[in-house]
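Summary of structural features
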Amino acid sequence: MLLNLKPFVFFLLSCITASVYSLIFGINDGWVFITCCLIILIAGLPHGAFDIYILDDLFKGKLFLWSLIIYVGLVFITVVFWWLTPLTFLIVFLAYSAIHFGDSDWPLHSLIYKVSWGSAIITLPCLLSADQVTSLFAIILETKEFPLIAYSLGFIAIISTIFCCLKNFTACIILIFYAALCKFGGALIAFTCYFAFLHGPRHLGRWREKLPNRSNIQVYLITFSILVAIVLLAFFTSKFGNLDENRIFIEIDQAMIRYTFVALAALTVPHMVSLFIADHFKIKH
């Protein structure tokens, strides 16, 4: 059974390291949050940027160009959705993220198991780090805090985690480490470790096996371009005014968190559509 944990060793080590760091140094330093956002983007953007090769395999000629236009269009529609109805956006984002995480991390399992796994990843931070999750939601939505959202999602965490643990020993160990990090390191650090050391690498590795011999250049160029755009957007939309240095740092900190997760949401929609088409209609090898 322990051999089944080998593919997840870097994630487990990251949980231990981050938990120890959090216990010794705390988690209230603003640099921690900015660093987490950068790690999420650097780890997450490449496996999304690989979609260009998936689309290239699915569509040829003008169809490929149209697929890119539709892809970018879905990104803009998601951003507009966030701008017009942020609370609905958040709920939908959490729901389809749960589906995506389960489908990507455990592709051979049943639909109910995939949804349970994704739900556990999304809601365990709400159960074990509710105050920080409430603050993060308020930053993303640019509104006042609604603790009821995080506390309600916390109940889902109990059910989904128990179900996953009963069905899969490996997943149970992973969720125990993840839960411990949620408790000691907080929601953002825990999600960063999951996204950077479990979801991102496994997802990208699986699709590299299906579509081998693809160059990394385009992936890295797309990643770098989006990363720079988000950092610049966070900096130039922060309200500095006559604020002191500490308050300026908080403004940049919050802007980075907001635009990191809005970008993830906006990119995940066309990403999931691309994967659905590839998984169910063509790319099976």
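Residues numbered from 1 in each chain as written. Predicted model: local features only at pLDDT ≥ 70, side-chain atom pairs only at ≥ 80, totals over all residues. Heavy atoms only, no water.

A word on the side chain of N168. Topologically, N168 is positioned in the loop between α8 (147-167) and α9 (169-185). The exposure class assigned to N168 is buried, which follows from its relative accessible area of 10%. Here the side chain of N168 touches T170 through a polar contact of 3.0 Å, landing on its backbone nitrogen. Within polar-contact distance, the side chain of N168 engages the backbone nitrogen of A171 at 3.2 Å. Discounting chain neighbours no more than four positions away, the residues touching N168 are W106, H109 and Y113. (Helix = DSSP H or I, 4+ residues; strand = E, 2+ residues; numbered from the N terminus. Buried < 20%, exposed > 50% of the residue type's maximum accessible area, 1.4 Å probe, protein only. Polar contact = N/O pair within 3.5 Å; in protein donor to acceptor, adjacent residues only side chain to side chain. Contact = heavy atoms within 4.5 Å.)

Turning our attention to unusual backbone geometry. Backbone geometry places E142, a non-glycine residue, at a positive phi of 55°. Take E142: it is sitting in the loop between α7 (130-141) and α8. Residue classification places E142 among the exposed positions, given a relative accessible area of 52%.

In this model, the largest pocket occupies a volume close to 1,100 Å³. The dominant element in the lining of the largest pocket, judged by the number of residues it contributes, is helix α12 (residues 245-282), at nine residues. Its residues placed into classes, the lining of the largest pocket shows 40 nonpolar, eight polar and one charged. (1 Å grid on protein atoms, 1.4 Å probe; cavity = no way out; pocket = protein on both sides within 12 Å on 5 of 7 lines; lining within 4 Å. Points joined across faces, edges and corners; volume = space filled by probe spheres on them. Nonpolar A, V, L, I, M, F, W, Y, C, P; charged D, E, K, R; others polar.)

The N-to-C vectors of helix α3 (residues 51-58) and helix α4 (residues 62-84) enclose an angle of 140°; their axes lie 9 Å apart at closest approach. Comparing their axes, α4 and α3 come out oblique. The handedness of the crossing between α3 and α4 is right-handed. Contacts from D51, I52, L55 and D56 in α3 reach F64, S67, L68 and Y71 in α4. Residue composition of the contact of α3 with α4, grouped by class: five nonpolar, one polar and two charged. (Axes fitted to C-alpha atoms, helices over the stretch in contact; angles between N-to-C directions. Parallel < 35°, antiparallel > 145°, perpendicular 65-115°, else oblique. Left-handed = near helix turned anticlockwise from the far one by under 90°.)

Across all of its chains, the model carries 18 aromatic pairs by this definition. Look at W106 and W117: their rings are 5.5 Å apart centre to centre, the planes differ by 80°, and that puts the pair in the edge-to-face class. Of this pair, W106 sits in the loop between α5 (86-105) and α6 (111-128) while W117 is found in helix α6, placing the two residues eleven residues apart along the sequence. In this pair, the class of W106 matches that of W117, namely buried. An angle of 40° between the planes, with centres 5.9 Å apart, marks the rings of F191 and F261 as tilted. Taken as a pair, F191 in helix α10 (residues 187-210) and F261 in helix α12 lie far apart in primary sequence, 70 residues in all. Across the pair, exposure class does not vary: F191 and F261 are buried alike. By the ring-pair criterion, three or more aromatic residues cluster together here, those being F101, Y178, F191, Y194, F195 and F261. (Phe/Tyr/Trp six-rings, centres within 6.5 Å; stacked < 30°, edge-to-face > 60°.)

This next bit is on the state of the cysteines. Taken as a whole and assessed by the stated rule, the structure comprises zero disulfides. Distance from the sulfur of C37, which forms no disulfide, to the nearest cysteine sulfur (C36) is 7.0 Å. Take C182: it sits in no disulfide, and the sulfur closest to it among the cysteines is that of C15, at 8.4 Å. (Disulfide = S-S within 2.5 Å.)

Side chains three or four residues apart in an α-helix point the same way, a direct result of the helix having 3.6 residues per turn. Over its 24 residues, α10 runs 33 Å from end to end, which matches the ideal 34 Å to within 8%, given 1.5 Å per residue. Of all the bends in α10, the greatest measures close to 40° and is centred on F195. (Expected span 1.5 Å × (residues − 1). Bend = angle between axes of the 7 residues up to and from the residue.)

Before going further, it helps to spend a moment on helix α11 (residues 217-236). Taking 1.5 Å as the rise per residue, α11 with 20 residues should run 28 Å; its terminal C-alpha atoms sit 28 Å apart, in good agreement. Turning to α11, its buried residues are V219, T223, L227, I230 and A234. Projected down its long axis, α11 carries its buried residues within an arc of 65°, all on one side. Away from its buried face by more than 90 degrees, α11 exposes I217, L221, F224 and F236. (Arc of directions from axis to C-beta.)

Moving on: the pattern of salt bridges. Inspection of every chain in the model, using the stated rule, returns three salt bridges. A salt bridge links D57 to R214; the nearest nitrogen and oxygen atoms lie 3.6 Å apart. With a gap of 157 residues between them, D57 in helix α3 and R214 in the loop between α10 and α11 connect regions that are remote in the sequence. Taking the relative accessible area as the measure of exposure, D57 reaches 15% and is therefore buried. On the basis of relative accessibility, which here comes to 25%, the residue R214 falls in the partly exposed class. For the salt bridge of D103 with K114, the shortest nitrogen-to-oxygen distance reads 3.0 Å. Of this pair, D103 sits in helix α5 while K114 is found in helix α6, placing the two residues eleven residues apart along the sequence. Relative accessible area serves as the criterion here: at 29%, D103 is assigned to the partly exposed category. (Salt bridge = Lys/Arg side-chain N within 4 Å of Asp/Glu carboxyl O.)

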